[in-house]
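Observations on the model geometry
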Amino acid sequence: MNVVVCVKQIPDPAEPGDLDPETKTLKREGKLILDESDSYGVEMALQLVDTAGEGEVTLISMAPNEEVSGLRTALAMGAAKAILVSDPALAGSDALTTAKVLAAAAKKVEGADLILTATESSDGYTGTVPEQLAAVLDLPSVTFAKEVEIADGTVKVRRQTEAGYNDVECSLPAVVSVTAGVVEPRYPSFKGIMAAKSKPVENLTAADLGFDAAQVGWAGAGQEIIDIAKAPEREAGEIIEDEGEAFQSVVDYLANLKII
């Protein structure tokens, strides 16, 4: 059972984010961490391999400046190896270009039975890359997985919906996006952290994957960021004094906001 997990390395959400006024994108200099939403996919992959009794987990990531801090965290959890695609030419890539690059990197992994992703990244929130990845690879896709089981060349998924759950099956290989909370990600042990330092990370450029500069980055993007602006300052809330009729004031306030 060989599982590929697409993971994103992002600026630490605990630190204030900063936008580049020239590129109008999030600054990504310095250390990046593993996106928490991707830790669920890593854990799910590790559990599937453990259940199968054989195989390994390979990570794929696209990040600037050959950054591997987030990858090392996932390797410390138990993944066997990683592929990092890092190239200045990729700066400004949109979601579709990202999916194409990840797909090309995934093809470098021989014998992959399953590709896992998060539903969306914590710093982008487009929620489109998993479906685009599956389309580029021409593989079946199942989204919003809460439970994943592999048996007899088939992946069985309990898929979360607004109305409850759908039980879905499809043949392997396939792309499955998992939701947060699908499993409880393990904490890397000291032994795992030390072992992660020597696990292989293959560094690739866009050219290594068959892309030229005109196909990726700002040149290849199908969108353009016209303007950015700071979010408005949070306004002071309204204080309602309770003299026995406060509930009506709350109801009126919510009705004015058209919440009720």
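Residues numbered from 1 in each chain as written. Predicted model: local features only at pLDDT ≥ 70, side-chain atom pairs only at ≥ 80, totals over all residues. Heavy atoms only, no water.

**So, the overall build of the protein**
- Within the protein, the secondary structure is distributed over 7 helices and 11 strands.
- Taken along the three principal axes of its C-alpha coordinates, the protein extends 70 × 45 × 40 Å.
- In the protein, which comprises 260 residues, the share counted as buried stands at 37%.
- When contacts within the protein are restricted to residue pairs at least 6 apart in sequence, long-range pairs at least 24 apart make up 70% of them.
- When the accessible surface of the protein is split by element, carbon and sulfur atoms take 50% of a total near 15000 Å².
- Across the protein, the mean location of the 21 positive side-chain charges is 6 Å away from that of the 43 negative side-chain charges. (Helix = DSSP H or I, 4+ residues; strand = E, 2+ residues; numbered from the N terminus. Buried < 20%, exposed > 50% of the residue type's maximum accessible area, 1.4 Å probe, protein only. Contact = heavy atoms within 4.5 Å. Areas by Shrake-Rupley, 256 points an atom, 1.4 Å probe, with all protein chains shown as cover. Lys, Arg positive; Asp, Glu negative; His and termini not counted. Charge placed at Lys NZ, Arg CZ, Asp CG, Glu CD.)

**A word on the sheet that holds strand β5 (residues 81-85)**
- Pairing is mixed across the open sheet formed by 9 strands, whose spatial order is β9-β8-β7-β10-β6-β1-β4-β5-β11. Strands at the two margins of the open sheet, each flanked by one partner only, are β9 (164-171) and β11 (201-204). Each strand of the sheet is rotated relative to its neighbour by a mean of 30°, with strand direction disregarded.
- Of the strand pairs in this sheet, strand β7 (residues 141-151) and strand β8 (residues 154-161) are connected by 6 bridges, and their pairing is antiparallel. Residue Ile150 lies in a different strand from β8, and its bridge partner there is Val155. (Pairing = 2+ DSSP bridges. Axes fitted to C-alpha atoms, helices over the stretch in contact; angles between N-to-C directions.)

**Focus: unusual backbone geometry**
- Omega for the peptide link from Leu172 to Pro173 comes to 0°, which places this bond in the cis form.
- For Pro173, the position within the fold is in the loop between β9 and β10 (174-178).
- A positive phi angle, near 55°, is found at Phe144, a position not held by glycine.
- Tracing the sequence through the fold places Phe144 in strand β7.
- Even without a glycine there, the phi angle at Lys258 is positive, about 60°.
- With respect to the element layout, Lys258 can be found in the segment after α7 (246-256).
- Overall, the relative accessible area of 73% leaves Lys258 in the exposed class.

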